[in-house]
Structure formats: C-alpha cells, structure tokens
Amino acid sequence: MSATELGLPELPAEPYPAEVRERLDADAAEIVDRYPQSRSALLPLLHLVQSEEGFVSRTGIRYCAERLDLTTAEVTAVATFYTMYRRRPAGEYHVGVCTNTLCAVLGGDEIFAELQRHLGIGNNETTEDGSISLEHIECNAACDYAPVVMVNWEFFDNQDPESAKQLVDDLRAGAEVRPTRGARLCGFKDTARILAGFPDERPGAVDESGAGGLPSMAGLRLAHGETLPGTGGPKVVSPRQQQTDDESNGGEGDEA
Amino acid sequence: MTATHPEKLLSPVLSATWGEEKPWTLATYRAHDGYKGLHEALRMNPDDVIALVKDAGLRGRGGAGFPTGMKWQFIPQGDGKPHYLVVNADESEPGTCKDIPLLFANPHSLIEGMIIASWAIRCSHAFIYLRGETVPVLRRLHAAVAEAYEAGYLGRDVLGSGFDLDITVHAGAGAYICGEETALLDSLEGRRGQPRLRPPFPAVAGLYACPTVVNNVESIASVPAILHKGKDWFRTMGSEKSPGFTLYSLSGHVTNPGQYEAPLGVTLRQLLDISGGVREGHTLKFWTPGGSSTPMFTDKHLDVALDYEGVGAAGSMLGTKALQVFDETTCVVRAVTRWTEFYAHESCGKCTPCREGTYWLVQLLRRIEAGEGVPGDLEKLNDIADNINGKSFCALGDGAASPIFSSLQYFRDEYEQHLRERRCPFDPSASTVWAGTRGRRATAGKDRSPEDDPPGDRGPDGQNGDFDPSENGVLA
C-alpha cells in the first residue's frame, strides 16, 4: 500500500490461483462463445469475476483482460462505468432502496434514512458482520409497486420503514427471505453468476412468486369485470359534467 | 366525453394471459395462441412481413414512436453483411415500469416477436439487452429462451423453414444511458455505454458496424398478435396515426397503481375513473405522460388523448406511457431536484453541455429546495437547461431539461415561494404511502381545512391551485 500512497504505479495484480483459473476458464469460454465478437463478453465476464470474489478485484480485471486480449486499463474503464460492479468487498446481501423521485416521495427517502439508522451504516457501506451493504438506487422499473427495495436484485415491493427493518433483520439472522417478485434469495455471488448468463439451477426458482402482484394485474382484472380495492365496486367515476350519471351508478357493488 | 366502463376502455393483449397458470411458460403461451403469429410469418415472404407491420402502423413503444416496420425496412438487403436484431430491455426511465412486468409474466411474446422480426430483416443472431438489476426477469428469460430452443423455435432450421436463429440474453450492469440505442450497442460490444454520432444510423452501421434494428421490448412483443390477428384488427384500436394497444403504467398517488393495457388515445381521466382515482382525500397536482424526460402535465391536461399526436400537441411526449401521478402534498421543486440528480448521475460524460450542465442544475436546485436560493436562480436554471436542451450529444440532455422547463412553466410561483420564504413549504412525510389514506375509506381529506394545505398549493388565481375536489373528476 505504501507504494500507492507515494503515488507510484501499482504493480500488476496477482493472477487467480491455478485451480480458480481453470474453473473460470470453462465458464469464460462458454460466455465468449455466445457472441460474434469476443469483446462483447466483457460485461458478463465482469459479472463472472464478481461471482468469484463478490466484487471486481484487480485480479478479476486482469483475468478479463487476458481472456479478451484487452489491456487492464480498457477493462477498468468499463468496470468503473457501470454501477453494478462493486470495487471493494461488500455484503452478502446488497440492499438497494429506490430514492428516485416517485419512490422517494412515496416513502423511499424515509425507508433509506431509517435503514441507515437501524444498521448504523451510510450509503455504500457494509455492516461489520459483512452481511449487508446498503445503497440508494435509481428507478428500478417497479414504480407501480413503490416504494421499492431490492435485495440482490430481487424485488421487495410496497415497503415501509418497518417492513424494511424487518427484512434486514431477517437477512442478518439468516432466515429464509422471499421477495415479492423473484426467487428465494441467494447470496450476492450466486446472483452475479446468474447475471453472467448462467441460469439459476435451483429447482423451481424460475416459477417462484407467480406472475406479479396486484398492480401487474390491475387492468386485467378490471377488463374481466372484477373490482379493485378502494374503488367501491364497478362504480364509474365520471367527469364533472356527468355528475348525476355518476351518482346513479354509484350504488352497485362494494369494496373488493 | 361519456362515462367509461373498464371492460370497454381496456384491451388486454400482451397482458391477457397474465392471470393464467404460469403464464411465463411455453405451454401456457401456446394454449393462448402463442407462436401462431410465427407460423403465419414463416408462410410469408420476409418483405411482406415488413410491409404488414408497416401497414398495421405499429410505432415504437420505447419513447420515440418511430414506425417499427419502417425501421425494419431500412435494413439494406443483399449487402452480404450479417444483420442483427437487438431488443432494448434496459428499462430505466424514471417512472417506466411496463417491460419488466411484461417480461416477468409473458417472456414468450417477446421471443416470438423477435423470431418474426429476425425472419423479416434476415437476421440469424438476435440479442436481448436486459438491464441487470432485474434478476427475476433474467431468470424467466433464460428459461423461456431455453424452452424455445427445445421446441424448435430457435436454433438451426426454425420450424423447418431453413432459417437459423440464435438469441443471446445479455444482462447489463447498471447504466441508464444504455437505454439510448447507440450507447446500448457500444455497451453490447463490451465498451462503456456512450452514445455514438449519427449518422451512420444503426440500420446501416449498428452492432459490429453491421445493419442493426434496435427495438423496444413492447414494440417487438406486439408483433405476434399483428401477424396472428391481422393489421385490420390492430387498426380497430387507437387512431389513424397511433393505432393499436399499449401498456399504460399508472403509479404514484393513485388508489390502484398498475398496468392498464388499452387502445392508444385513452386519457388519464378515463384511467383514473376506472381505477379508483387519485388516492382518497387528495387531488392531482402534476403528472408525467411518459416518464421523467417528458414535460410534466397538470390537472389541466386530464383529457389529453394519450397517443403520439395528442400528447405532442399538448406540449409533451407520449414517451413510455409512464403515468406518474403526484398529489398536492408533493413539492415540485423536490421532485424536479431528484430527477435532476438522476440525470447528473447517469450522464455518461461524453459531451460537455450534459455533463457540466446537469451538475450545475443540481447545485442550483438543491439550494433552492433548501431555501438558500438567491434572486436570479430561476433565470439561471432556465438558462442552463436551455444550454443543455438540443445541444447535447443525445436525448439524455433533452430529458434533463424537460422537468426544469415544464415545472417552471406550470409551477414558477412554487419556486418563487421557496426563494421568498427561504424554506421548502412542504412536509415530505405527508406524501408517503403510509401518511395518506390510500387503501382506506378515510374521510380525513374531506375534513381538511384550506389552512392545512401546504401553502404551495394555493395559487392566487387558480393557476396551479385549482384543487377544488368538486371540480375534479378524478377523486376516488
């Protein structure tokens, strides 16, 4: 480390031990084989080395560079561009709280603040026991389920401060935790392996949690003549000029 | 306008099977006409498939609304180069949440559409670029592609047609900019996701400098139904220029957020009418028609037809049909600040107006929101946004300027109030799900006196303060 502090260039990273390299080589060959040109394999290869160590180390960068005949500078430039590649060791469970506008307004800010207090760590930090890393994330395409929390990139929909605290407590206690959309949680490294393009081998994992929650089905249910919560039955809430019509229709049905 | 019955207003096609048993499996998909469109396509000449999709009038569902068939037609034929189809599944635009639930529940609609599109443009290797942060969807795509190979829909000699096709599922690694099609191509080539100069357009020099079609998930997933049921059926929905069905994603301060698949051209008022309206006791303040990059609307725009022309004529863009609804408890300065922080974070750094401009917008907005703004800040805000808009390398910069311009247009007095009172007049806790009355038939809102309302909501001349519930048909 002292060399770094003096501002001198770092020595090349150590390579992976032979047995690790041998194992990774088989996977890497499969990844490269998916693409017409080998460099396209770089993002999945970075996921792969992340699945080996839990983060993208300098050794991992060297490995990717050697596999694809790139320089470590080229690989580093890519690895540092994308937010999902961690640059230092972090938690077994990566907890991301959406604080983009919609989730933030609906309570994501409060959830994030509460989790920081509860865990005693800040943004992009990891608990001392190495179980949980906390990060605020950008919009994760689940706004109809806001506020949203992601753990190892599985969806935990419609969260509030209490449910989020319970979630991280369960994770730390080693309890089995199931997302609202996604499969029962696996560790961060296993998640990274799926991201590298290797299907989840756990029996039944693909089918877990169904096709989606109420928001996904909302329009479909209405189209089938069903009612939605809080709508008071098949009442038609009409524009202002239709006020009387609205009232005459208002009595049918009740809450779902 | 007349009162609308949900069964008449909505038209589930892509979402029609989501309530069935394991709708993500090939068996369920096939039990509901799945892959019939492909059989139809393979009986046709590829050029006729392109013509059909063009005649149907399908337009891109990813934001820009470019005619899908025309994009396919731009691919030069007989050029001796490989052609590629790349599906943009990098859904990251704030508020947008249609492709992810679609792929989670019905991945085969995309795969069938990809096979048809590949047949049409003579492509033998197609890619799905899925954002990495959605592992549940990745899992189902892996499984669905494997099922499609097994069934002979992919691989060598698809269904005995002599046509070969491979699909590679590619997971991104976290970068909004990769939703921009040329940045996506750079990313898929293993580089930093930065947009390319155009021309040449991807149709001429896309992936590996070969002719490439880049289409949104929903656009491609809409193709099988057109092949199976025909262009006339497709044109019975929507308007002449914006035909067909689409997924509207309702989110925010509404009674029932979710996916509502309807013909193009419905209005927010209609969608709120059938779904229970704005959350109980509250009123609509502002909303986006298609994600944060589309200029915001107010309660004055409830009857704007949500199709490409209607939204455009009203001064915004249809975008991704991400209808993010915010009620009167929401501080517009806070909302815009947060979106701007997003654009600054996601700016790829390639061009100066966007990289530097978004940074300075954030600095200004943060201090205005904190009550530390100074006279002239709003003019400066407008000026910087103007120096980004249309002067950036790609549309991310334009998107960053949209919320600034539109919020200054409709809520300038709220910004001025922040400057004048040297504080934010809103209580963020009032906007949360648990502070509201969503899901309960509470009467809190009705008992509320005007004095309880955040001062920002009371426009002196009703300019942005037209929140009298009796005047607003969208209340639950």
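A.B. asks: What exactly am I supposed to notice about the overall build of chain B here?
C.D. replies: Across its full length, chain B carries 20 helices and nine strands. For chain B, the C-alpha radius of gyration of 23 Å lies close to 23 Å, the compact-globule estimate for 476 residues. Expressed as a percentage of its 476 residues, the buried residues of chain B come to 64%. Excluding contacts between residues fewer than 6 apart, the proportion of contacts in chain B whose partners are at least 24 apart in sequence is 72%. For chain B, the exposed area adds up to about 15,700 Å²; of that, 50% sits on carbon and sulfur atoms.

A.B. asks: What is the right way to read helix α7 (residues 107-121) of chain B from this model?
C.D. replies: Residue pairs three or four apart in sequence face the same way in an α-helix, which turns once every 3.6 residues. Residue and element names in this part refer to chain B. With 15 residues, α7 should reach 21 Å at 1.5 Å per residue; the first-to-last C-alpha distance of 21 Å fits that figure. A large share of α7 lies buried, amounting to 15 of its 15 residues. Arg122 occupies a position one or two residues after α7 and carries a positive phi of about 60 degrees.

A.B. asks: I'm lost on the nonpolar core in this one. Help?
C.D. replies: Nonpolar side chains tend toward joint burial in soluble globular proteins. Of all hydrophobic cores here, the largest spans 199 residues; its most connected members are Tyr82(A), Trp72(B), Ile115(B) and Leu271(B). Once residues within four sequence positions are removed from consideration, Leu271(B) is found in contact with Leu9(B), Leu10(B), Tyr248(B), Leu250(B), Tyr260(B), Val266(B), Leu306(B) and Leu323(B). The next biggest cluster of nonpolar side chains, apart from the first, holds 19 residues, and it includes Ile121(A), Val151(A), Phe156(A) and Leu167(A).

A.B. asks: It is not clear to me how the sheet that holds strand β4 (residues 149-151) of chain A should be interpreted in this structure. Could you clarify?
C.D. replies: Neighbouring strands of a sheet are bound in pairs by backbone hydrogen bonds; such pairs are parallel or else antiparallel. Taken in spatial order, the five strands line up as β2-β3-β1-β4-β5 (chain A) in an open sheet, and their pairing is mixed. Both outer strands of the open sheet, β2 (125-126) and β5 (154-156) of chain A, are each paired with one neighbouring strand and no more.

A.B. asks: Before we go on, may I ask you to explain the interface of chain A and chain B in this structure?
C.D. replies: Interfaces are frequently sized by the accessible area removed from exposure as the parts join. With 88 residues of chain A in contact, the opposing surface of chain B contributes 97 residues. For the pair chain A and chain B, the number of links is five salt bridges. For the salt bridge of Asp200(A) with Arg139(B), the shortest nitrogen-to-oxygen distance reads 2.9 Å. Every element with two or more residues in the side of chain A that touches chain B is listed here: α3 (42-53), α5 (72-79), α6 (101-119), β5, α8 (188-195) and α9 (214-223) of chain A. When its residues are assigned to classes, the side of chain A that touches chain B shows 46 nonpolar, 26 polar and 16 charged.

A.B. asks: In this structure, what is going on with the environment of Glu112(B)? I would like to understand it.
C.D. replies: Residue and element names in this part refer to chain B. Topologically, Glu112 is positioned in helix α7. Judged by relative accessible area, which is 1%, Glu112 ranks as buried. In this view, Glu112 contacts Tyr29, Gly34, Tyr35, Lys36, Gly37, Leu38 and Pro224; residues no more than four positions away in its chain are not counted.

A.B. asks: For this particular structure, what's the right way to read the sheet that holds strand β4 (residues 212-216) of chain B?
C.D. replies: All names here are of chain B. Here we have four strands laid out as an open sheet, ordered β3-β2-β1-β4, and parallel in their pairing. Since the sheet does not close on itself, it has two edges, and those belong to β3 (166-171) and β4, each with one partner. Each strand of the sheet is rotated relative to its neighbour by a mean of 20 degrees, with strand direction disregarded. With five bridges joining them, strand β1 (residues 84-89) and β4 adopt parallel strand pairing. Within the sheet, the bridge partner assigned to Leu85 lies in β4 and is Val213.

A.B. asks: When you look at the pattern of salt bridges in this model, what are you seeing that I'm missing?
C.D. replies: Residue and element names in this part refer to chain A. Summed over the entire model, instances satisfying the criterion amount to 49 salt bridges over all chains. Two residues, Glu208 and Arg178, come together in a salt bridge whose shortest N-O distance is 3.2 Å. One end of the pair, Glu208, is in the loop between α8 and α9; the other, Arg178, is in the loop between α7 (161-173) and α8, with 30 residues separating them in the sequence. A relative accessible area of 13% places Glu208 in the buried class. A relative accessible area of 49% means that Arg178 is categorised as partly exposed. When salt bridges with common partners are traced through the structure, they connect Arg21, Asp25, Arg62, Glu66 and Arg67 into a single cluster.

A.B. asks: What should I look at first to understand the domain arrangement of chain B in this one?
C.D. replies: All names here are of chain B. By the assigned domains, chain B splits into domain 1 (10-234) and domain 2 (332-421). The straight-line distance from the C-alpha centre of domain 1 to that of domain 2 is 35 Å. Facing the twelve residues of domain 1 at the interface are ten residues of domain 2. Between domain 1 and domain 2, the buried area comes to about 920 Å², and carbon and sulfur atoms account for 70% of it. Inspection of the domain 1/domain 2 interface yields three residue pairs in polar contact (both at pLDDT 80 or more). Here the residues of the side of domain 1 that touches domain 2 are counted per class, giving six nonpolar, three polar and three charged.

A.B. asks: Honestly, α8(A) in this entry has me stumped. Any pointers?
C.D. replies: Looking at α8(A), one finds that the buried residues are Phe188(A), Thr191(A), Ala192(A), Ile194(A) and Leu195(A). One face of α8(A) carries all of its buried residues, which in axial projection span an arc of 155 degrees. At its buried positions, α8(A) is contacted by α3 and β1 (93-98) of chain A together with α8 (135-150) and β3 of chain B. One or two positions beyond α8(A), positive phi appears at Gly197(A), with a value near 105 degrees.

A.B. asks: How should unusual backbone geometry be read in this particular structure?
C.D. replies: The phi torsion of most residues other than glycine is negative, and most of the peptide bonds are trans. The amide bond that connects Ala146(A) to the next residue, Pro147(A), takes the cis arrangement and shows omega of -5 degrees. As for its position among the elements, Pro147(A) is in the loop between β3 (132-137) and β4. Here Pro199(B) and Pro200(B) are connected by a cis peptide whose omega angle stands at 5 degrees. On the secondary structure map, Pro200(B) appears in the loop between α9 (181-188) and α10 (202-205). Phi at Asp33(B) takes a positive value of approximately 70 degrees, unusual for a residue other than glycine. Within the secondary structure, Asp33(B) is located in the loop between α2 (26-31) and α3 (36-42). In the Ramachandran plot, Tyr208(B) falls in the positive-phi region, its phi being about 50 degrees despite a non-glycine side chain.

A.B. asks: Before we go on, may I ask you to explain the environment of Leu68(A) in this structure?
C.D. replies: Residue placement: Leu68(A) occurs in helix α4 (residues 58-68). Among residues more than four places away in sequence, those in contact with Leu68(A) are Val32(A), Ser38(A), Arg39(A), Ala41(A), Leu42(A) and Leu45(A).

A.B. asks: So what exactly am I meant to see when it comes to the packing of α4(A) against α5(A) here?
C.D. replies: The axes of two packed helices give the description: the angle between them and the distance between them. Residue and element names in this part refer to chain A. Interhelical geometry of α4 versus α5 gives an angle of 115 degrees and a closest axis separation of 8 Å. Note on packing geometry: the crossing formed by α4 with α5 is right-handed. Seen from α4, the contacting residues are Ile61, Arg62, Cys64 and Ala65; seen from α5, they are Thr72, Val75, Thr76 and Ala79. Among the residues forming the contact of α4 with α5, the class breakdown is five nonpolar, two polar and one charged.

A.B. asks: It is not clear to me how the packing of helix α17 (residues 352-369) of chain B against helix α18 (residues 377-388) of chain B should be interpreted in this structure. Could you clarify?
C.D. replies: Residues and elements named next belong to chain B. The interhelical angle for the contact between α17 and α18, taken along N-to-C directions, is 160 degrees, at an axis separation of 9 Å. One finds that α17 runs roughly antiparallel with respect to α18. Of the two possible hands of crossing, α17 and α18 adopt the one that is left-handed. Here α17 contributes Pro353, Cys354, Gly357, Thr358, Trp360, Leu361, Leu364, Leu365, Arg367 and Ile368 to the contact with α18, which in turn contributes Asp377, Leu378, Lys380, Leu381, Ile384, Ala385, Asn387 and Ile388. Residue composition of the contact of α17 with α18, grouped by class: twelve nonpolar, three polar and three charged.

Basis of the calculations
- Along each chain, numbering runs from 1 in the same order as the chain's sequence is written.
- Ligands are numbered from 1 and chains lettered from A, in the order in which they are written.
- The model is predicted, so local features are restricted to residues of pLDDT at least 70 and side-chain atom pairs to those at 80 or more, both for listing and for counting; the totals for chains, interfaces and linings are taken over all residues.
- The side-chain figures draw on all heavy atoms in the structure; neither hydrogens nor water molecules are used.
- Helix and strand assignments come from DSSP, with helices taken as H or I runs of at least 4 residues and strands as E runs of at least 2, each series counted from the N terminus.
- Radius of gyration means the value over C-alpha atoms here, while the globule rule gives 2.2 Å times the residue count to the 0.38 power.
- Using a 1.4 Å probe on the protein chains alone, a residue whose accessible area is under 20% of its type maximum counts as buried, one over 50% counts as exposed, and one in between counts as partly exposed.
- Residue contacts follow a heavy-atom distance rule, with two residues in contact if any of their heavy atoms lie within 4.5 Å.
- Computed with a 1.4 Å probe, the accessible areas rest on the Shrake-Rupley method; for each residue, only the protein chains presented here act as cover.
- Expected helix span is taken as 1.5 Å per residue step, with the number of steps being one fewer than the number of residues.
- In plain words, nonpolar cores are sets of buried Ala, Val, Leu, Ile, Met, Phe, Trp, Tyr and Cys residues tied together by side-chain atoms within 4.5 Å.
- Strand pairing requires that DSSP identify at least two bridges connecting the strands.
- Here, a salt bridge means any side-chain nitrogen of Lys or Arg that lies within 4 Å of a carboxyl oxygen of Asp or Glu.
- For this classification, the nonpolar set comprises Ala, Val, Leu, Ile, Met, Phe, Trp, Tyr, Cys and Pro, the charged set comprises Asp, Glu, Lys and Arg, and every other residue, Gly included, is treated as polar.
- Axis definition: a line fitted to C-alpha atoms, over the contacting stretch in the case of helices. Angles run 0 to 180 degrees between N-to-C directions.
- Domain extents, as shown, originate in an automatic or database domain assignment.
- Buried surface area refers to the total accessible area, computed with a probe of radius 1.4 Å, that the two partners give up upon joining, counted for both partners together.
- In the analysis that follows, any N or O atom pair within 3.5 Å is treated as a polar contact, provided that within protein one partner can donate a hydrogen and the other can accept it, and provided that, for residues neighboring in sequence, both atoms belong to side chains.
- Think of it as the arc spanned by the lines of direction from the helix axis to the C-beta atoms.
- Handedness of a crossing is defined here by the sense of rotation of the near helix relative to the far one, left-handed for an anticlockwise turn of less than a right angle and right-handed for a clockwise turn.
- Angles are sorted into four bins: roughly parallel if under 35 degrees, roughly antiparallel if over 145, roughly perpendicular if 65 to 115, and oblique for all others.

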